[in-house]
Amino acid sequence: MNRLSFAALALSIVVGGTARADSVIILNSEEASYSILSRSTRTEVVRLPVGREPHHLILSPDGKEVLIGSTATNELLSLDIKTGERKRVIKDILDPYHLGFSPDGKWFVTAAYRLDHVDIYHADGFKLAGRIFIDGLPSHMAFDAESKTVFVTLQQSGRLAAFDLATQALKWNVPVGNAPAGVVMLPDDKRLLVALTGEDNIVVVDPKDGAVKSSLQTGKGAHNFWPKGDGRHYFLSNRVEGTVSLIDTKDEPKVVGTVRIPGGPDCMDITPDGRELWVTQRFLRRVAIVDIETLKLVASIPVGKSPHGVFMLKSTATVAGAPVRAASTAGERR
């Protein structure tokens, strides 16, 4: 049996029964592949090919498909949300490193880390509305609640930029700290949190003008966020320190818990029952599992080289409170 036939057989096993609601997708950035894992057995079931350098993935506005961005082959791969089956490939999406849909589902945005531009598409049909070239390695993004503005971190220049979605015009571009990466808009729509991978802290930013209002020490290499799901607490991966912080954002943000995750913790997702946090370990070729109630590392599963994005396949698409789904190569700050 050749490799493709085996992959097809393995995928049919994954999607044919109960595994469809029990699966996790992990993107292996340096291997041009994605792994499908079983949550119940905590094992890798199959590893399948995808375009080169897949980094982040995102749920479509209708909740029916997951889109994987392959940066080096300039395309999106669509997977069925319930089964993980391949549906289509969307070509000519240049360097889709980070991906985001506006809350109203009207706009689709990509940050081209390698090519230094931000692309704004009409989400219906992926027609390019505007391409904005901007120096500084565009990295991660967040949106305001009204779907008027997208905020993009620029890792190399240490800045945060805001773009008007309807006109594709730059609204402001300001310094926020060393190597900003993850960014999230809080539910009050009045505060942005920005993780500074070149430092050991996050900053609170005013979305009106980019002014830095305060700073919170978390851990060395503060990198990416994921919501706990209660509209108040967020997990933050500290890539260099090898920890994940739990941040309470009520009033002034503060760290209320920490768990050690070795090997460059990066992207995260939470199981549908809200009990486990899964964290990719970029430098160990593994994905860690954290018990959320106790904040204890309970397992670590081998996957492919430089695992990055992680996504829980769900029998129903429930992503309340979720930021842009993400969500590079080992040794780089991406």
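Residues numbered from 1 in each chain as written. Predicted model: local features only at pLDDT ≥ 70, side-chain atom pairs only at ≥ 80, totals over all residues. Heavy atoms only, no water.

Novice: I tried to follow the overall build of the chain on my own but got confused; where do I start?
Specialist: For the chain, the helix and strand inventory stands at one helix and 28 strands. For the chain, the computed accessible surface area is about 13,100 Å², with 50% contributed by carbon and sulfur atoms. (Helix = DSSP H or I, 4+ residues; strand = E, 2+ residues; numbered from the N terminus. Areas by Shrake-Rupley, 256 points an atom, 1.4 Å probe, with all protein chains shown as cover.)

Novice: Which parts of the structure should I look at to understand unusual backbone geometry?
Specialist: A negative phi holds for most residues other than glycine; trans holds for most peptide bonds. For Gln168, which is not glycine, the phi torsion reads 60° and is therefore positive. The exposure class of Gln168 is buried, given its relative accessible area of 17%. Phi angles above zero are rare outside glycine, and Asp189 is one such case at about 60°. Take Asp189: it is sitting in the loop between strand E16 (180-185) and strand E17 (192-196). By relative accessible area, which is 25% here, Asp189 ends up partly exposed. (Buried < 20%, exposed > 50% of the residue type's maximum accessible area, 1.4 Å probe, protein only.)

Novice: Got a minute to help me understand the sheet that holds strand E24 (residues 265-270) in this structure?
Specialist: Pairing in this open sheet of four strands is antiparallel, and the strands run E24-E25-E26-E27 from one edge to the other. The sheet terminates laterally at E24 and strand E27 (296-302), the two strands that pair on one side only. Going across the sheet, the axis of each strand differs from the next one's by a mean of 25°, ignoring polarity. Sheet topology note: the strand E26 (residues 286-291)/E27 ladder contains six bridges and is antiparallel. Looking across to E27, one finds that Asp291 is bridged to Lys296. (Pairing = 2+ DSSP bridges. Axes fitted to C-alpha atoms, helices over the stretch in contact; angles between N-to-C directions.)

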